[in-house]
Structure formats: structure tokens, C-alpha cells
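So you can see what is in the structure, the chains are spelled out below.
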Amino acid sequence: MNFPLLWIIPALPLAAVGLNLLIGDRLGKRGTAWLACGAVGLAFAFAVRAVLRLAGLPEADRTIVENAYTWMRVGDFSASVAFLLDPLSAVMCLVVTGVGFLIHVYSVGYMAHDPSFRRFFLYLNLFMFAMLTLVLADNFLLMFVGWEGVGLCSYLLIGFWYERPSAAEAGKKAFVMNRIGDFGFILGMLLLFAWAGSLQYDRLFAIAPHVFVKGAAAITIATLLLFLGATGKSAQIPLYTWLPDAMEGPTPVSALIHAATMVTAGVYMVARCHPLFLLAPASLETVAVVGAATALFAATIGLAQNDIKRVLAYSTVSQLGYMFMACGVGAFTAGIFHLMTHAFFKALLFLGAGSVIHALSDEQDLRRMGGLAGKLPWTHGTMLVATLAIAGIPPLAGFFSKDEILSRAFASGHSGVWLVGLVGAALTAFYMFRLYILAFRGPSRLSHEAEHHLHESPPSMIIPLVVLAALSAVGGLVGQPMQEGGHLFERWMRPVFEGAGGEAAAPLSPRTEWTLIALSVAAAALGIYGAYRTYLVEPGLAARLRERLRAFHQAVLHKYWIDELYDALVVAPVYHLSQRLWRFWDERIVDGMVNGVAYTFEGVSALLRLFQTGFVGTYALFFTLGVLVILIELGRR
Amino acid sequence: MAHVPWLTLLIFLPLAGAALIMLLPPSRGRAIRGLATGVAAAELVLSLPLWWLLVPGQTGWQFEERHPWLPLLGASYHLGADGISVMLVLLTTVLSVLAVVGSYTAVEKRAREFYASLLALETGMIGTFLAIDLLLFYVFWEAMLVPMYLLIGVWGGPRRVYAAIKFFLYTMAGSVLMLVAILSLYYMNRNLTGTATFDLDAFYRLPIGPAQQSLLFLAFAVAFAIKVPMFPFHTWLPDAHVEAPTAGSVILAAILLKMGTFGFIRYAIPLFPVASAHWAPWIVTLSIVGIIYGALVAMVQPDLKKLVAYSSVSHLGFCMLGMYAMNAQGLAGSMMQMINHGISTGALFMLVGVVYERRHTRMIADFGGLWKPLPVYGAVFLVVMLSSIGLPGTNGFIGEFLVLLGVFRAAPLWAVLAATGVILSAVYMLWMFQRVMFGPVTHAENQKLSDLTLRERLVFAPIILLIFWIGFAPQPFLSRMQPALDHTLELANQRKERSLRMPEARAPGTAAPVADRAPGAVR
């Protein structure tokens, strides 16, 4: 090996972190921006180089492993810092560095006036390091370093404006929720190691079929524990509540971490260990059901949110549900495909929303927007592409990936999951166009103040939007359905997912396939039409609907009171229990006993002190009495 | 090198330094601080070669020294080190320097006596780790108490006398039991072999029947459990920490608590393996209770120092639990956790000390929004906090993960329960951090606080270095202590088998009563 191929990719952003810490105060804003963006841009270039080399290998041995050093070795346990590039991590790596680079560039404009500019890029670079470690790791333990590392960066960046108590609170909530998931991840790793004796992917996946009987309790529990980790990181039921609150962070953070990359880590992890999940059909079924449920559940909440970023946040939760749905029905390729297209259009949606917020002097409420299409032409145009893409309108990226998930679900016999996905697709189209119309169409509801400052964003923000719009438009073409021998993306992924159950499911007849496509496009069209009627054509309709569906509207507006439920069921009881333990057990019982012993001694010694009079006469008396007692005692023998 | 009495120098250099300091006139504050720093630094420099000179794979004591001490009793001045004690000695010398340098501005009254006590304490601690004659060990063990008692009782907070006495009595209660057990070992050995000795190696060879083991083990275990401290013997710790001056808290948390865990590894487990196994369910249960209980109670503390104190109860629970997994990973994790706890909790107490010096309060409610006036402090605090909650990439993760790995192999359920500590530690630490560092500045006094001075930065720099070093490359540490741990495990297993083969083990009515009655008594 001449020049490092893989470890240099995560090392570059880490080096930028180090430099930023050491000399950042002398660089100024320009220097900091160049350093941060340059490191990530270079990482992207190295990622491209590595992937090209990977692509040059024959299909059967498209894996490159690079061992940096032995991290720890204790008894029969050992873990290395080693990196793995295969078609799966290649896609992740390109998405992370590529979209990451665009968002870095965008941030230079977006954060230009923030006093903590340097700290922002420090965290952002640190995030890139952690995320790249996560996707390039060749064993679970190193992945876990990245896994918790991105969680840390998420915590820091959500709470970036730490003076706002709500931001600080949201950051902590995200971290703790993720830790609950990580509790599962850790135990899953322990179980796998205890049974299979390795945490290194290759070895573990090779041994797993020999030590775990398909469907056995151990592997089912292990994969469910790992999936618990995934629900934390990827904001699925029951651990999703942190993601909407995470919108407290700066918008580029929402785009990078809470839409395009970090939150997809759970999907990546499930896809990465598909050999394990395939040994546990019950776990896969759980993944599918949780994914479908989350997809629908979050979509309904998205219908009634008024904060532009919160709509997108629930949309992200919902779209992540689709990815898990795909993994659950065994269509891992489709899941990763959607992960990629989603990274394009959702990053774009967030950045577009950021551009709107920027233009409106930090206004995020959709009720005080409207009619922005003409004022913000670039933002509007790119947002429209993204909105159509997520709604699933052909030939944009979201159409291909979402359609593939739905048809795979149907083909694998999960018609219930398919139906939920279809309904979710209609809702997605509805709430996304609701957002689009409320923001860009109709009459302006801007405050006079906002109207006055209204301006299109600078080029450093617009260019990333345009690039992402192009990707959202054509990114799906690598996955056109009904092609001989599978589509391009599928062929690329084949070495990884070869033999994975769902992939091999009986192909659908072209007739069925066309019907499914027609249905999903119809669902999208229905959703768009609904939003168009409700929010643009008939101005009173929205209010009438709210009135008619009052209970439902209240429920989704309050996010089904899940946060309140968690508070009442978990947070408050634990807090009160802890208070009780401290005040009652520690201070009363234990210390009471300790002090009691001390007081007893004190009492006894006070009593004894009575004898210590200091008078020789008294002592002589005691002495005489003592001698008498001894003499009597001796005499009785 | 073999002729240099290395360990003796290490033990007594600080004491000599303390004596020198006492010769200075009390008014010469600068000279006193300078001398104290010089002595602590010289001690550190003296201890560093151990890192390279230690031969990890070699069995038996290294740097051994042996001289008759009290020939009449058979006690000898016997010192020796292995991977376990070398690591703890290095931890002691590093943290002692930091504690001394960290106290420059914190201690004003009786500075001379303060630094002398601190250095005398160092002698006691290092002696305790290096003595391998039980009487000598006991002397050092007790000798530590006096300077620590003074540190709390003289330079402590308002309730310092209560805290100092509580600390003293708790520890004394345990020590007395241990002394009785040491004496019984001595007599047992003398009766059996005819030689009067307190030598640990002799006791390692002494066959002890299961019935006798139980009581002796309990005597040692209680002494060590109080020191650790294990639930429910922990209530002296919050009081001692809250009242102690910063340097006292640092040393107390970082080193003194390790005396307990070290005692289990060096004495209680290998000497009495049968009893240790017999009582293991109790110890494991108390450790798990300690992990969860400590974390929960830490969560609701209004006082920063109490919060850190209770977090220690939780962390030390991990140490004990990993140890009682009785396998390679568990023991290595336990040992790592000892080092890590020393580093990160020591640092946490110093961080509390930094703001206490500036604001004369430790109440969380008196802070808020400190990141704004104190960004460097905030960043250091963040790194230390992450190490304390075991974020991968920091030292804390290595220990915690290895403990869980070892424990899971021993009994998965224990690991499941202990792993809840992973969640709880994040809850109490992050919540504290949020209330102290984030949000708007709520008290005007906090607005103009000054950030870390150069001296303070120099104190925290090595800590941060160690946090990441162990986090990313723990192997140099692991490979140094592992052979010693393996040896301990092997020794314990051999002795256990030998004891169980002793005829007495099978005689009904001898082994059973002690073992069976005791749990009820505790309950």
C-alpha cells in the first residue's frame, strides 16, 4: 500500500478540528471557512479516489480493508482500528462527504454573522470525522465510536445556541434518547461477542450461521437490541421524540445531521449486519412493522405542524421509517437507495428552508410566510424540485426509491406494510405541498419588518441548493425499475447483499409492477391535489377540515401527547424515586444508623466520664472495689 | 539498576519533602509552594521509569526490596511491584503533582502544614500500593488516615469536623477488623509452618480451609468495601468530599478509593478465593445496586461536589462488578476503570474547585450560562464529563466496555442491569452540565468570572491528554497490567482448588454454619 486510501478520509476532518483548535483564533472567519470546507472537500476527493479503485476491482472481491492499529486486546477479545470499503460503505462515504461538503459551503454563508463561527465549524468537522468513522469501520466497536461520536456532535450542535434554554434542553434530550438506544447497541455487541467470539464484520458474519440457528432466541434478541440502537439514532418509534426538538440547532445542522447523514446511521447499521438480521426473521418483521408504523405515524403529525423545520423533521422521521420498512422486508438495496435519494432531497429541503428563514430574518412559522416564490426565485425553484421529489413524482429521485420500497414490500408478501406505505406516500405529498404552498404560494402573510428585509441568499448558499436540486432530479435514474439483471444501483450493491432474502423474492410481472407504480403516483397526485385544494383554491377549507376533524387535529397538533406521556411515565417517577432514595434511604436510614452508633458511643462515654472524676480518692475506691471483686472471684474457684 | 532502592525512594521522598517544608518559616508562601511542587514533580520523575522498566510478563515481584523490620514479630520491610501497583503508583504521582499545583490559590491558611500533609499522604498511598508485608501494608494503610483526616478537618468546609470524624471512624472500623484478620493469618501461618512472618507470599502459600476463609474474607472485605465505597457503606463519601478542600477531594476520589478495589485484587480475592466466590453474589448485587443507586442519587444532588461523589459510588460499582466477573476482560476493565475514575473524577473535583474558588459556592442553582464567560473552562469540563460518562474515544469507554464484556460472559443479566448505568450517567451528567454551563447567565456575579488561568490550563492539559490517549490507544496500559491480573486470577483459582481439596472442606458442620448464618445476619 503506497498512499493511505481509507483512513485518510476520516483523518482529514479530524486534522481540521485539531488545526482549528490550535490556530483557529488566528485564521479569522475566511481562514476557518477555507480550512473546514477544504478538509471536507479533500475528504470527498479521497473518497472518490477510493471508490474508483474499488470499482476497478472485479465484482467478486470488491472489498478493501485497511488495518490501522490494534485498539485493544484483552484475553481472547481484540478490536482493531480498521477501515472497510465495500460497495455499501462506498455509497455512504460518498453521500456523507459529498452532501457534507455542500452543506459546509452553505454554512459559510448561513453562519456568516454568527459570533461563534469558529466553534460551529469545529463541531461540524468533528461530526464529519465521527460519521466517516461510523461508515468506514470494519467492526462493531469502531462503528460504535463513530456512532456515539455523531451523537455527541448532534448534542453539541443542537445546543449550539446554548444560551437558549430550549436548545440546551433539546440537545440533552437527543443525547439521552440516543443513549437509551446505545444501551441496546452495547448489549447487542456483548451478546454477539459472547456467542460468536468476534465483533469484526467479516468474521462475525461468517461465524454467525454456524453458531446461531435461524430464528433462535439468541440471534433474535441480539438483532432486536441492535435495532433498539437504530431506533435511537434514526428516530424511530419509540425513541423518535428527540428529532423534532433537534430543530433547535442551526438549519445546516438539521440538513446534515438530522436529515442526510447521522439519522440514517441506523439504516446503514441494519443493512450492514443484514446477515444477522436474515438469521432472525422475527427481528426483520419487527423492523418492517416499526418502520411502517413510524412512517405513517410521523406523517400524520407532519400534517398539522406550523414550524417549517418541524414539518421537515417529522417528514424525516417518516422517510426513515420507509428505509427501515425496506430493510424489514429484506430489500436492503432499496433501503440504501432511498437513504441516498433522501439525503439529496431532504438536505435540499432543509437548506431551502434555511434560505427562507435566513431571508425572513429568522421567521420559521409557516403562518407568517406565503407568496415567496417571486421574491426568492432560486430558493423557490430548488425547493419545488425537492418537494416533487419527496412526493414521489416521476422522474425525480424520490419516485424511484420510494416506488422500489413499496413494490418490494408488496412482492415479499407484506401487503399490509405496502398499504401503510402507500397511505403514507399520499400524506407525504399532502404535507409537503402544504408546506410549499404556505411558504411560497398564495398571498404574503409576512410581517412588515420581514417584508422589508426580504432578500435572496448569497451564492455560497444558492450553489449548494442548485447542485442538490440537480441530484434530486436525476439521482434516481441509477435505479430505474424493470431492467434486465437489476438496475445500476442494484448491480453495484450486489456483492454486498447477494443472497439476501428479499432481493431474491420472485420478481413481479410487468403488469403488477406497472399497477403498483400507477398506484403510488396516484397516491402522490391525490396528496398534492388535496393540499392544492385545501390551502390554495378554497381558503376556508382548511379551517372547516380542522373543525370537522377536531379530535384528530388536536391529537396530531400535540404530537399525540407522547412527550407528556414519557414525562409522566418515566421522567417524573425516576426523579421522585431518586429524591426519595437520597432523602430517605441515604440520609435517614444509613446515616441515621451511623450517627446512631456515634451517639451511642457518645452516651456511653458520657456515662463513663462520670467515673473519671479526677479525684484520687474516687480512683482508690474503684481500685479497692476491683481488687475485692477479683479476690472474691478467685476465692470461689 | 538493581541496587537502587527504587521503591523506598519513591515511598519516602514525599515524606522527606514534607519534613523539609516544615522547616520553612510559615510566612514564606512562595517558597513553600515551590518546594511542595518541586518535591511532587521530583516524585513524578522518579516514578516514570517504572513505566518502561516494568517487565509485564515476568511473574513475581519486581523492584523487590526486603529487610528485616521487627525480627521479633517476623515482620519485614518487604516491598515489591507488579503491573497492578505500578499503574496505581503512577496514577498517584501524576495526580499528586496536579493536586499540589491546583492548590496554589485555594489554600491560604497554614499552607505549610497543608502541603506537608499532602506529601505525607503521598508516602502513605504509595507505601500501601508497594508493601507486600501485611504488617507494613497495615501501617501504611493507617498512616494515610492521619493526613487525610487533617486535610478534611483543618482545611475543610463548615461541617469539616463532622465529616472528618465520620471518615475516620468509618475507615477505622474497617481497619480494625482487617488487623484482626491479619493477625489470625499470622497465627495460622505460624502454627502451620512454624515461621513467624507477615509476608504476603507466605500467606499466598498458606492453605486456608473454606470455613476459616469466610470470616477472614469478610474482615478484609468490609475494610475494603468501606474504602471503595460500596453501597451501603458509602455515606461517609459525600460528606467527606463536600467538606474536603479541592486537593483533598481529588486525592480522596482518585487514589484513596482505589485502595479498596486494590485491596480486593491484591488481598481479599487471592488470599480467600473460596470465600470470595461464596460471597460473590452479595458483592455483585451490592455493586449493581451501587451503580444504579449512585447514579440516581447523583441526579438529584443540588451540590456539585455531592453529585460527583455519588457518581463515584456508581463508577466504583463498575470496578467491583468487573472484578467479580473473574475473567480477563472483567479484571482488565476493572483496573482500567480504576485509572479512569482517578483521572476523570479527579479532574471533575478540580473543575468544581475552579468555580468554587471564584464564586465560593458549589450549588448548581448558583450557576448557569457559564460557557459564555468561561469558554475554555467549558471545553475542558465537556471533555472530562464525556470521559466520565464513557464516551467512546475517551478513557472511560475502554474501562466500561471491558467491564461489561467480562460481566456479560460471567452472567448476562448482571451486564444488562449494569448497562443501565450507561444511560443514567448520561442523564445526571448532561443535566448538571446543562444547568451549569448552558442557558443565559442568571446570576450577575457569574458574568465577570475569569476563565482558566495558565496554571489551571497546565493542570488540565495532562488530564485531557490521558483521556484521549487511553481512549484511542489503551494497549500500552492494558499490556502492562494484564499479566499481573492474569497471575492474580490464576493464583486465586489455584488456591481455591487447593482449599476445596482440603479434608476440612468435606467435613459437614464446619464449613456450613458460618457461611449460612452470615447472609441472614446482614439482612
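Residues numbered from 1 in each chain as written. Chains lettered and ligands numbered in written order. Predicted model: local features only at pLDDT ≥ 70, side-chain atom pairs only at ≥ 80, totals over all residues. Heavy atoms only, no water.

(A) Quick look at the nonpolar core. A:Phe140, B:Phe220 and B:Phe264 are the most contacted members of the largest nonpolar core, which totals 414 residues. In this structure, A:Phe140 is in contact with A:Phe185, A:Met189, A:Leu192, A:Leu199, A:Tyr201, A:Leu204, A:Phe205, A:Leu226, A:Cys273 and A:Leu276, ignoring residues within four places of it in sequence. Listed in part, the 19 residues of the second largest apolar core include A:Trp418, A:Ala425, A:Leu516 and A:Ala523. (Core = buried A, V, L, I, M, F, W, Y, C linked by side-chain atoms within 4.5 Å. Buried < 20%, exposed > 50% of the residue type's maximum accessible area, 1.4 Å probe, protein only. Contact = heavy atoms within 4.5 Å.)

(B) How the structure looks around the pairing of strand 1 (residues 64-74) of chain A. Strand direction decides the pairing type here: strand 1 of chain A and strand 2 (residues 77-85) of chain A, joined by 9 bridges, are antiparallel. For A:Asn67, the partnering residue across the bridge sits in strand 2 of chain A and is A:Ala82. (Pairing = 2+ DSSP bridges. Helix = DSSP H or I, 4+ residues; strand = E, 2+ residues; numbered from the N terminus.)

(C) Main features of the packing of aromatic side chains. Enumeration over the complete set of coordinates arrives at 59 aromatic pairs over all chains. Judged by centre distance (5.9 Å) and plane angle (5°), the ring pair of A:Tyr201 and A:Phe205 falls under stacked. Pair noted here: A:Tyr201 and A:Phe205 are both in helix 6 (residues 201-211), with a separation of 4 residues, about one helical turn. In terms of burial, A:Tyr201 and A:Phe205 fall into one category: buried. Seen from their ring centres, B:Phe129 and B:Phe262 are 5.0 Å apart, and the 90° between their planes marks the pair as edge-to-face. A residue pair is termed long-range when its members are at least 10 positions apart, and B:Phe129 in helix 5 (residues 111-130) and B:Phe262 in helix 11 (residues 246-271) qualify at 133 residues. Both residues of the pair, B:Phe129 and B:Phe262, belong to the buried class. Through pairs of rings, three or more aromatic residues link up here, namely A:Trp71, A:Phe77, A:Phe140, A:Phe144, A:Trp147, A:Phe185, A:Phe193, A:Tyr201, A:Phe205, B:Phe397 and B:Phe401. Above the plane of the ring of A:Tyr322 lies A:Lys402, whose end atom (NZ or CZ) is 5.4 Å from the centre. (Phe/Tyr/Trp six-rings, centres within 6.5 Å; stacked < 30°, edge-to-face > 60°. Lys NZ or Arg CZ within 6 Å of the ring centre and 35° of its normal.)

(D) Representation of the environment of A:Val108 within the structure. Residue and element names in this part refer to chain A. Here Val 108 is to be found in helix 2 (residues 87-110). In this structure Val 108 comes out as partly exposed when scored by relative accessible area, which is 24%. In sequence terms Val 108 and Ser 460 are 352 residues apart; their C-alpha atoms lie 7.0 Å from each other. The contacts of Val 108, once residues within four sequence positions are left out, are Ala 33, Cys 37, Phe 117 and Phe 121.

(E) Region of the structure containing the UniProt feature "domain: NADH:quinone oxidoreductase/Mrp antiporter transmembrane" (unreviewed entry) in chain B. With numbering matched to this structure, UniProt assigns "domain: NADH:quinone oxidoreductase/Mrp antiporter transmembrane" (unreviewed entry) to residues 131-423 of chain B. In residues 131-423 of chain B, helix accounts for 81% and strand for 0%; the two terminal C-alpha atoms are 39 Å from one another. (UniProt positions renumbered as here; feature names shortened; annotations may be inferred.)

(F) Examining the confidence of the model for chain B more closely. Across chain B, the average pLDDT comes to 90, with 96% of residues at or above 70. Low confidence marks residues 505-523 of chain B, where pLDDT is under 50. Its contacts with residues over four positions away, or in another chain, come to 17 contacts. (pLDDT = per-residue confidence, 0-100.)

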